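# A look at the structure
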Amino acid sequence: MVHSFESISEPIPISLISGKYMIFDISVVTYLRRTHHICGTLIGSIPQNPQQNIFSGLPMELMPEEAKFLVQKEVAYIVDDLAWHKQRYDTLTGDDKKKYLESLRSAGLKVRKAAQDNSKKRSEIALSRIATKKAKEKSSGEGSSGTLADPPPNTSLDDTGSVAEDSTTDSLFGGESTASRASGTPISSDKPFPVTPTTSYATSSLPQNPSHQPDPSVPLSYSLFAHLHARDYYIMPGLRFGCDYNVYPGDPLRFHSHFLATSFEWDQDIPMLDLIGGGRLGTAVKKGFLIGGEDTEADTEGEWGDNVRTFCIEWGGM
Amino acid sequence: MADTTQTAPVVEGDKPQIQQAIQPRPLSKFQQLNKLYALPAPLRTFPLPTFVPHNPLSLFHILYVWVSQTVKPQISRFDHLYEGLFSPETRSVHVTDVRSIRGLWEQGFYGKGTLSRSEPSWLDREKTKRGNKGKSTSEDNTRKRRAERQQTKWERARKEREAIDEKLLEEAAAAVQQREELNHVVPVASTLVEEVLDTVEVKEPIQMESKSLAIVDEILEQALERVESPVLKPAKLGWAAPVGPLELLSLPNSDDGLTVACFTEDFDDKYVKRFFAAPVGPMELLALPNSLRSYEPPKLPQHTLSKLPDTNPTDFPFEHESVTLPDVKINGNGSIAPNALGINGHTQPDEIEVVGGSETNEDTIDESIHSDETTETNGTPANGSTLANSRPSTPKVKRQKSVRFSPTVEKNTFIQSEPPSPERAVVASTSVVEEPLEIKNQEHLQLTLEEAFFLSYALGAISIVDPETKAPIPNQDLFYLLRKTSYFPPQLNPALSPDDPFMMNYVVYHHYRSLGWVVRSGIKFSVDYMLYNRGPVFSHAEFGVLILPSYSDPYWTSDPFLEKLSREKQKRTWAWMSCINRVITQVKKTLILTYVDVPKPLSVQEEQDLGIDGVLSRYKVREIVMKRFAANRMRD
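An account of the accompanying structure is given in this report. (Residues numbered from 1 in each chain as written. Chains lettered and ligands numbered in written order. Predicted model: local features only at pLDDT ≥ 70, side-chain atom pairs only at ≥ 80, totals over all residues. Heavy atoms only, no water.)

### With respect to the overall build of chain A
Heads up, the condition is: Each helix is a run of DSSP H or I of at least 4 residues and each strand a run of E of at least 2, with the numbering of both proceeding from the N terminus. Throughout, exposure labels follow a simple rule: accessible area from a 1.4 Å probe, protein chains only, divided by the maximum for the residue type, with under 20% read as buried, over 50% as exposed, and the rest as partly exposed. Note on contacts: a residue pair qualifies if any of its non-hydrogen atoms lie within 4.5 Å across the two residues. Areas reported as accessible are Shrake-Rupley estimates using a 1.4 Å probe. Residue values count occlusion only from the protein chains shown.
On a plain count of helices and strands, chain A comes out with eight helices and ten strands. For chain A, buried positions account for 35% of its 318 residues. A separation of at least 24 residues holds for 62% of the contacts in chain A among residues at least 6 apart in sequence. Of the roughly 20100 Å² of accessible surface on chain A, 55% is carried by carbon and sulfur atoms.

### Comments concerning the overall build of chain B
A tally of regular secondary structure across chain B gives 28 helices and ten strands. Within chain B, contacts between residues separated by at least 24 positions form 70% of all contacts whose residues are at least 6 apart in sequence. With an accessible surface of roughly 36600 Å², chain B has 58% of that area assigned to carbon and sulfur atoms.

### Things to note about the pairing of strand S1 (residues 12-17) of chain A
Residues and elements named next belong to chain A. Our working rule: A pair of strands is considered paired only if DSSP assigns at least 2 bridges between the two.
Here S1 pairs with strand S5 (residues 76-80) via five bridges, running parallel. Each residue of the ladder has a partner; that of Ser15, found in S5, is Val79. Sheet topology places S1 next to strand S2 (residues 20-23); three bridges connect them, and they run antiparallel. Paired with Ile17 across the bridge in S2 is Lys20. Following S1, the chain reverses through two residues before pairing antiparallel with S2; Ser18 in that reversal takes a positive phi of roughly 45°.

### Overview of a nonpolar patch on the surface
Residue and element names in this part refer to chain B. What counts, and what does not: To count toward a patch, a residue needs a relative accessible area over 30% and no salt bridge; like charges are then connected within 9 Å, while nonpolar side chains (Val, Leu, Ile, Met, Phe, Trp, Tyr) are connected within 5 Å. We define a salt bridge as a contact between a side-chain nitrogen of Lys or Arg and a carboxyl oxygen of Asp or Glu at a distance within 4 Å.
A surface patch of nonpolar side chains, amounting to about 750 Å² of accessible area, comprises Leu48, Leu57, Phe60, Leu63, Trp66, Val67 and Val71. Along the chain, Leu63 turns up in helix H4 (residues 56-71). Residue Leu63 is classed as partly exposed on the basis of its relative accessible area, which comes to 43%.

### A word on the sheet that holds strand S7 (residues 245-248) of chain A
All names here are of chain A. For the record, the criterion: Simply put, an axis is a line fit to the C-alpha atoms, just over the touching stretch for a helix, and the angle between two N-to-C directions goes from 0 to 180 degrees.
Pairing is mixed across the open sheet formed by five strands, whose spatial order is S6-S7-S8-S9-S10. Of all the strands in the sheet, just strand S6 (234-237) and strand S10 (308-313) have a single pairing partner and so form its edges. On average, adjacent strands in this sheet sit at an angle of 30° to one another, irrespective of strand direction. Direction of pairing for S7 relative to strand S8 (residues 259-263): antiparallel, over a ladder of three bridges. Bridge assignment links Asn246 to a residue of S8, and that residue is Leu260.

### Section: the pattern of salt bridges
All names here are of chain B. Inspection of the entire model under this criterion finds twelve salt bridges over all chains. Its salt-bridge partner being Glu155, residue Arg158 comes within 2.8 Å of it at the nearest N-O pair. On the criterion of helical spacing, the pair formed by Arg158 and Glu155 is a turn pair, its members being three residues apart in helix H7 (residues 139-199). Residue Arg158 is classed as partly exposed on the basis of its relative accessible area of 41%. What makes Glu155 partly exposed here is its relative accessible area of 32%. Residues joined by salt bridges that share partners form a network here, namely Arg102, Glu106 and Glu119.

### Observations regarding the sheet that holds strand S6 (residues 518-521) of chain B
All names here are of chain B. Ordered in space as S6-S7-S8-S9-S10, the five strands form an open sheet in which the pairing is mixed. What marks the edges here is a single partner per strand, and that holds for S6 and strand S10 (620-626). The sheet shows a mean angle of 30° between the axes of neighbouring strands, taken without regard to direction. Across eight bridges, strand S8 (residues 543-550) lies against strand S9 (residues 590-597) in parallel orientation. Opposite Ser550, over in S9, you have Asp597 as the bridge partner.

### Digging into helix H25 (residues 501-514) of chain B
Residue and element names in this part refer to chain B. Under the convention used in this document: What a helix should span is 1.5 Å times the count of its residues minus one.
Helix length check: H25 (14 residues) gives 20 Å between terminal C-alpha atoms against 20 Å at 1.5 Å per residue, within 8%. What H25 keeps buried is the set Phe502, Met503, Met504, Tyr506, Val507, Val508, Tyr509, Tyr512 and Arg513. Looking at the residues trailing H25, positive phi occurs at Gly516, about 95°.

### Topic: the packing of aromatic side chains
Where we set the bar: Whether two aromatic rings pair depends on their centres lying within 6.5 Å, for rings of Phe, Tyr and Trp, where Trp uses its six-membered ring; planes under 30 degrees apart make the pair stacked, over 60 edge-to-face, and the rest tilted.
A full pass over the atoms with the stated rule returns 20 aromatic pairs over all chains. For the ring pair A:Tyr222 and A:Phe225, a centre distance of 6.1 Å and an interplane angle of 20° mean the geometry is stacked. A residue pair is termed a helical-turn pair when its members lie 3 or 4 positions apart in one helix, as A:Tyr222 and A:Phe225 do in helix H7 (residues 222-230) at three residues. Neither A:Tyr222 nor A:Phe225 differs from the other in exposure class; each is buried. Measuring from ring centre to ring centre gives 5.1 Å for B:Phe453 and B:Tyr457, while their planes differ by 10°; the resulting arrangement is stacked. Of this pair, B:Phe453 and B:Tyr457 both sit in helix H23 (residues 449-459), four residues apart, roughly one helical turn. Accessibility expressed as a relative area gives 0% for B:Phe453, which makes it buried.

### A short note on the layout of surface pockets
Just so we agree on the cut-off: In the cavity and pocket records, a cavity denotes points on a 1 Å grid over the protein atoms alone where a 1.4 Å probe fits but cannot get out, a pocket denotes an open set with protein on both sides within 12 Å along at least 5 of 7 lines, and lining residues are residues with an atom within 4 Å of a point. Grid points are joined across faces, edges and corners, and a volume is the space filled by probe spheres set on the points. Three classes are used: nonpolar for Ala, Val, Leu, Ile, Met, Phe, Trp, Tyr, Cys and Pro, charged for Asp, Glu, Lys and Arg, and polar for all others, with Gly counted as polar.
Computed from the structure, the second largest pocket encloses a volume of approximately 1800 Å³. Along its surface, the second largest pocket is lined by 42 residues, and A:Asn53, A:Ile54, A:Arg240, B:Arg628 and B:Arg633 are the ones closest to its centre. Each residue belonging to the lining of the second largest pocket can be placed in one class, and the counts come to 22 nonpolar, 13 polar and seven charged.

### A closer look at the packing of helix H3 (residues 64-72) of chain A against H7(A)
Residues and elements named next belong to chain A. Here is the rule: Left-handed is the label given to a crossing in which the near helix is rotated counterclockwise from the far helix by less than a right angle, and right-handed is the label when the rotation is clockwise.
Two numbers describe how H3 lies on H7: the axes approach to 10 Å, and their chain directions differ by 60°. Handedness of the H3/H7 crossing: right-handed. Note on element contacts: H7 touches H3 through Tyr222, Phe225 and His229, opposite Glu65, Glu66, Lys68, Phe69 and Gln72. Residues belonging to the contact of H3 with H7 are distributed by class as follows: three nonpolar, two polar and three charged.

### A few points about the interface of chain B and chain A
Heads up, the rule is: Buried area: the accessible area, evaluated with a 1.4 Å probe, that two parts lose upon being put together, summed over both parts. Pairing of N or O atoms within 3.5 Å defines a polar contact, subject to two protein rules: one partner must be a possible hydrogen donor and the other a possible acceptor, and residues neighboring in sequence count only if both atoms are side-chain atoms.
With 16 residues of chain B in contact, the opposing surface of chain A contributes 18 residues. Both faces combined, the contact of chain B with chain A buries some 1300 Å², and carbon together with sulfur accounts for 62% of it. Along the contact surface separating chain B from chain A lie zero salt bridges. Counting the contacts that link chain B with chain A gives four residue pairs in polar contact (both at pLDDT 80 or more).

Nothing here speaks to function; it is all geometry.
If you want it as C-alpha cells, here you go:
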C-alpha cells in the first residue's frame, strides 16, 4: 500500500460538485484516512451490489469541516468541478478533441477486450467441466464392459476434453457460436464499450493554482472539530446519534466512538431539554455526551481550536 | 359514571368501610386501582338516570332529573376547593394539605411529590422503611407489639432448644450403635495384627525409638494390608479414586507432600511436625474438615485412650492434650498424627502400640491421599474403634457441641433451665423504644404553572393563594402572574409577548387535557410533555410531545427584523431532531411534534378586553406524529 501513496502528490484536488466536497480516487481516500485521519463518508452505491445502501463505495464525500481542515493544512485544494469541466471542454478543439476521443475509444476497447477475455475463459471452464463429466460417463460405461482399462482421470480429461470440445460447442451453441467466432472479434474491435470517465480530467491536467477557491464555508462547530482533530481523534458526522460529530479514539473501522460531540456558542443559552436528551442518548449508546464551544474573546490567537473548552456529560442513576 | 357517588367516600379515605366492602371477594390489583382512580378529573358529575325502554316510568325519572337540573343547576365544583400556595421562588404551586394532595393526585394525576418521583408517597415509603406499616402508632399498640415480640422470642428460643436436644439424642444413639458394630470387628482385626507381628519376629527386639519407626511402619503396612484385604472390606472404599472436590483438594500438593504422606521416608518427629504445622496455606485450609460429620478428632487419641486405661494411666495427660488439640486447630486427622506418634513413642512396644501405629498409618494415608475417608469412615471399623468401648458417650457429645458452636455463637447457647438471657431481651426492647412513633410528612405536592392554571381556570378545582396576602388570586391576575413568572428571571412589564413560555405550554397542555389525556411533564425524556392514556399508574406513557412555535401569522413576516427573529426562534437542527427521536423511540414512545401557531401580539388593553378566553382562542395547535422509517429495516 505504501507505494500506492507515492503517486499522490499534495495538494490533493477536492471536487466541489453542487455544494458537496467529493473525492473520486480510492488511493486518495486511503491516503487521507491514514495520514490525516480524515475519514469522510462513502456515498456511491456499489455496482456489484446496487440494491442495498448499508455499504457504499466511491465517491467519498467530505464534510465542509474536513474540506476546510485539509485546505487550511494545505494538504488539498478545492476545484469547482462544474467550472473546470466547462472551461476544459469548451476549449477543446481540433486535435485535442480528436485525441481525447481517441483516448476514450481506446479505453473502451481495452475494457471490451478484458470483458471478452473474461467471458471466454469462463465459457472454457464451463465447457471443460461438461466435457469431464461426459468423459467420466463414457469411461464408466467402458469400465463396465472392460474393467481393466480404467485410465486415471487426469490424463483422460485432456484427451477427451479436447475431443469433446468441438462436438459440444457445436451442439450447445449451434450457429450462434460459430457466428460469434467468425465475426465476433472484428465486431468487438469496431465497437468499444462506452466508457464514462468518473472525472472529466486526468489528475495531472488540473490547475495547480489552488488559491482562487475560497475556503469552504463551515458551520460554527468547526472550531470544535479542529480542537478534537488536533487531539488525534477521528471524527465522523454525527447525525445518526443526534449530534454534530461522532468522535472516535482511533480509526472508526477498529474502534467504537467514545463521544457524541455537540458544539455550542460561547454565550449561547443551552436548553435544558437538549442536555437531557443528549445525555440520555449518549448513555444509552455507551458514549459520552460531549459539549464544547470556542471562547471567541480569548486572547490567544494560536492554532484552530485552541480556545475550545469541552465538557462531557453522563447520565448518572442515583 | 354511575359509580361516582359510590367512589366519593373512597376519595375521602375511609379505610374501614372499604375493607368491609371488599370482604366478600378481594379485588384484584387492577380493580383496586380502577376504584381508587375512578374519577378522571376533580369534578362532580350529575349523570341522567339510565333509560329502560320497556319501563316507561324511567322516562319520567329522566325527565324529572333533567328538569330539576335545568331549573336548579348544580355546580360541578367541589364545595370545598383544594388549596394551593403560589411559590414564586420555585416557580410552581405548592399543595400541602393531605386532602388536596390525594385529591389532585387521584383525580387526574396532577402534580408531583417533591420527595418522590411522581406520586407523593414519601410518608408511606418512610413508614415501610421503619417497619411500622400500620397507621395506628399509639402507646397501646406499641405495648402490644412489644409483648408480642417478647412472646415470639421465647417461642423461638424454645424451638431452638428442642432442636438442639433432639440432635444430641440422635448423635448419642448413633454413637451407641457404632460402638456395637465395632465390638464385632475390632477383635478380628487385632488378632490379625498380632499374627503379623509374630511372623516378623526378627524385628521384635528393636526398641521403639523414633528412628526405627520406619521399620515398624513397614510391618504395620504389611499388617494393615492383611488386615484390610480379607476383613475390612468397607475400608476399601476409602481407596477409591478421589472424585469429590474436597478429596481432590486434599491430595498432596507436591512430591514432597506425597512422600511424607506415603511414609516412604524415614520421618523423624521434626519432619513430621514441620509438615503437619498449623494449616496456613490455602490447600491446608481447604482440606480441613468441612463439617462436623467429616470431622473426627477423637479417632486416634480415643483409640489410644480406649486401650490405655488397661496399660498405663500416666498417659492420660496426652489423651487430654490430643483431645483439646483438634478444638484449637481443627486440622483433621493430619494434625493428630504426630501426636499419636508421640504417644506411641512413650508407650512400650506392645500390642496396643502396634495397633495405634497401624491406625496412624492408615489414617494418614487415607486422609491425606483419599480423604473421602472423612465421609465414609463413619461406617468403617477403623473409625469404629474411635468410639470404642469404655468411654461413656456423654463427654464425647459435649466436645462435639463445643466444636459445633464457634466462639461467637457460643454466647447464644442456652442453659436448659433458663430463658433467653435477660440482657438480650433488654436490648430488643430498647430498640423498640427508639423507634419514632410519629413521622411528620415532609413532602408536599408541586404543581407546574400550567397544571395550576388549568385546575384553577379550566376546572375550578383549586384556589391558589398568594403567599403574602394569603388571599386567593383571581384567574385574571393569576394568568398574568404566571405568564410573568414563566420567564427566568421573571419579567415585570405587563406587555407580554404572545409566545412566552407559559402561553405556549399552557395552550398545548389545555389542548391535550381537554382531549382526555393525562398530561405530565416529559423532562426526563427531553420532551415537553408525556401523554398517558389513563394515568401513570395504569400504563406507560404513549406519546412524547414536543412544543414547537410556528410564526405563521403574516405579522411575523411583515418586517425583516421580526422575520429574522421568528426564523431564529423556529430554527432546529436535524441533529437535534434525531437525538430526541432516538431517545423517545428508545423508551418505546411516539414523538408528536405539536406546532402552536403564534398570533400577532396585542396591546395590554386589547388583551384585557378579550379576557383569558379570548386570548387563548387565538392560538391554534397542529400535531404531527413523527416516526422514523428505515426502508431496509422495516420491510416486514
